[in-house]
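Results of the structural survey
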Amino acid sequence: MPIKNYNGFLLLSTLSFFLLQACREESDKVKPQMTSLTESVYASLTVQPESLYSVYPAVGGILKANLVTEGDVVAKGQPLAQIENANPELNTRNALLAYELTKENYSGQKGVLQELENQIRAAQLKLTNDSVNYLRQKKLWEQNIGSKIDYDTRSLAYETSLSEVARLRSRYAQTKNQLKTQLEQAELNYQTSLNTKGDFLIKSLLDGKVYELKKNPGEIVSLQEPVALVGSKDSFLLEMQVDEVDIAKISEHQTVLVRLDAYDKEVFEATVRKIYPKMDVRSQTFLVEAVFKVQPAKLYPGLTGEANIITSVKEKALAIPYEYLLNGNKVKTEKGEVTVTIGIKNFEHVEIISGIDTTTYIYKPE
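Being a predicted model, the structure only gives us computed values, none of them experimental. (Residues numbered from 1 in each chain as written. Predicted model: local features only at pLDDT ≥ 70, side-chain atom pairs only at ≥ 80, totals over all residues. Heavy atoms only, no water.)

Another point: the environment of V74. By the element assignment, V74 lies in strand β5 (residues 73–74). The class for V74 is buried, based on a relative accessible area of 4%. Counting along the chain gives 159 residues from V74 to K233, while the straight-line C-alpha distance between them is 9.0 Å. Residues contacting V74, with those up to four places away along its chain left out, are V68, L80, S204, L206, D207, G208, K209, V210 and V230. (Helix = DSSP H or I, 4+ residues; strand = E, 2+ residues; numbered from the N terminus. Buried < 20%, exposed > 50% of the residue type's maximum accessible area, 1.4 Å probe, protein only. Contact = heavy atoms within 4.5 Å.)

Below you can see the structure in the form of structure tokens.
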């Protein structure tokens, strides 16, 4: 009797196994379906302000004061920080004194040119007097009146005065040109000292917002280290890291579906704007920029999220679940494994171009 019960139990278990196996096989087989299929490339992303730049000083020194605070809205040309250094102030004062002295020499009443002008007037008067005496003595000599010595003396005096006037005028022109050059150089030195002095006042290069101050008053400032981070106030972009195996699929103006961690499950649309051609060898990724079609109300630099860059859309595609695909190009049918040609794909479905049709049952691989 126990043996009969055991055999009955064994028979029942066997029947149950085959029934379950048949149900499982029925539930694990599907037919390809015509559907709309979208292919996309996944990428991690970071939100950054547009026109973000690191502010570097033009000179080194000690940071005297930060003239703004983080989060401040600034205008182009607005001072951000002051570097302390006494030398530029002294250089500017010395350059100004040199400029004023040179200017006085060039155009002042007591300058070098004024003195030369007085000498030229005196020499001109002497030339006029010597010229009159020479002409008078010449007429007398032509009439055989007077001595040869008197005539020669008057002639020499006239020639000497004539040469002196010419020499003083040449000297005046040369001195004027030299003083003009010196004045231009002094003015240039003064303007350069003013610019150098201005270099110790660090200014914003654009209208935007101060996102970070990297130095505190009293710290050393060098040309190799930024002192602040400034970027656009309201305009943000998306920096996406795209794997090298997918970069060939990416092109400008493609639609991007964006999910930000700060906005939970809300999805935003963006557009690819720029693809940087150089690969980051450490991460094996390319930097791709996108801009929002409609920007979220609040954004902050450094927000993270994920993106799906839509590379292809097909309205009518013969598709199967991705998990039913074997070895990348085969499916399991009632007649055994069949090789198929695949098209676009995503994480859930893959397009079948040839090999099976809507009447073919395929089975999920074990």
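Moving on, we come to the sheet that holds strand β3 (residues 53–55). The strand order across the open sheet built from 4 strands is β3-β10-β8-β5, with neighbouring strands paired in antiparallel fashion. For this open sheet the edge positions go to β3 and β5, each flanked by a neighbour on one side alone. Where β3 lies against strand β10 (residues 228–231), 3 bridges are found, and the strand directions are antiparallel. Counted as the bridge partner of Y53 is V230 from β10. (Pairing = 2+ DSSP bridges.)

What follows is about the pairing of strand β11 (residues 236–243). Note: strand β2 (residues 33–49) against β11, 6 bridges, orientation antiparallel. Its bridge partner lying in β11, S44 is registered against Q241. Bridge analysis of β11 against strand β14 (residues 285–292) gives 6 bridges, and the strand direction is antiparallel. Within β14, the position partnered with V242 by the bridge is F286.

Mapping F236 onto the fold places it in strand β11. For the pair F236 and F292, spaced 56 residues apart in the sequence, the C-alpha separation amounts to 7.9 Å. Not counting chain neighbours up to four residues away, the residues in contact with F236 comprise V47, Q48, P49, E50, Y211, F292, Q295, L299, Y300 and P301.

On to the sheet that holds strand β4 (residues 61–66), then. The strand order β7-β6-β4-β9 describes an open sheet built from 4 strands, whose pairing is antiparallel. With one partner strand each, in any of the chains shown, β7 (201–203) and β9 (220–221) form the two edges of the open sheet. Strand direction decides the pairing type here: β4 and strand β6 (residues 79–84), joined by 4 bridges, are antiparallel. Looking across to β6, one finds that L63 is bridged to I83.

Let us now look at the packing of aromatic side chains. With the rule as written, the count across this model stands at 4 aromatic pairs. Look at Y134 and Y158: their rings are 5.2 Å apart centre to centre, the planes differ by 5°, and that puts the pair in the stacked class. Of this pair, Y134 sits in helix α3 (residues 112–142) while Y158 is found in helix α4 (residues 148–199), placing the two residues 24 residues apart along the sequence. Since its relative accessible area comes to 14%, Y134 is described here as buried. The rings of Y134, Y151 and Y158 are connected pair by pair, giving a single aromatic cluster. Over the face of the ring belonging to Y361 we find K29, whose NZ or CZ atom lies 4.3 Å from the ring centre. (Phe/Tyr/Trp six-rings, centres within 6.5 Å; stacked < 30°, edge-to-face > 60°. Lys NZ or Arg CZ within 6 Å of the ring centre and 35° of its normal.)

Right, let's get into the nonpolar core. In terms of nonpolar packing, the biggest core is built from 25 residues, with M240, V256 and V258 touching the most fellow members. Breaking this core down by element, the ones donating at least two residues are β2, β11, β12 (255–260), β13 (267–280), β14 and β15 (304–321). Discounting chain neighbours no more than four positions away, the residues touching V258 are L45, L238, E266, V267, F268, A270, F292 and E306. Listed in part, the 18 residues of the second largest apolar core include L80, I202, L206 and L213. (Core = buried A, V, L, I, M, F, W, Y, C linked by side-chain atoms within 4.5 Å.)

Moving on, we get to the pattern of salt bridges. Across all of its chains, the model carries 15 salt bridges by this definition. Across the pair R273 and E50 runs a salt bridge whose closest N-O atoms are separated by 2.4 Å. Of this pair, R273 sits in strand β13 while E50 sits in the loop between β2 and β3, and the two are 223 residues apart along the sequence. We note a salt bridge from E323 to K364, for which the minimum N-O separation is 3.6 Å. In this pair, E323 is assigned in the loop between β15 and β16 (330–333) and K364 in the segment after β20 (362–363), connecting sequence segments 41 residues apart. Connected via shared salt-bridge partners are E50, R273 and E289. (Salt bridge = Lys/Arg side-chain N within 4 Å of Asp/Glu carboxyl O.)

The terminal C-alpha atoms of α3, which comprises 31 residues, lie 44 Å apart, in line with the 45 Å expected from a rise of 1.5 Å per residue. Looking only at α3, the buried set comprises L113, Q114, L116, I120, A123, L127, D130, S131, N133, Y134 and Q137. N144 occupies a position one or two residues after α3 and carries a positive phi of about 60°. (Expected span 1.5 Å × (residues − 1).)

Along the chain, T175 falls in helix α4. Contact partners of T175, with chain neighbours within four places excluded, come to V112, L113 and L116.

Right, let's get into unusual backbone geometry. A positive phi angle, near 60°, is found at N144, a position not held by glycine. On the secondary structure map, N144 appears in the loop between α3 and α4.

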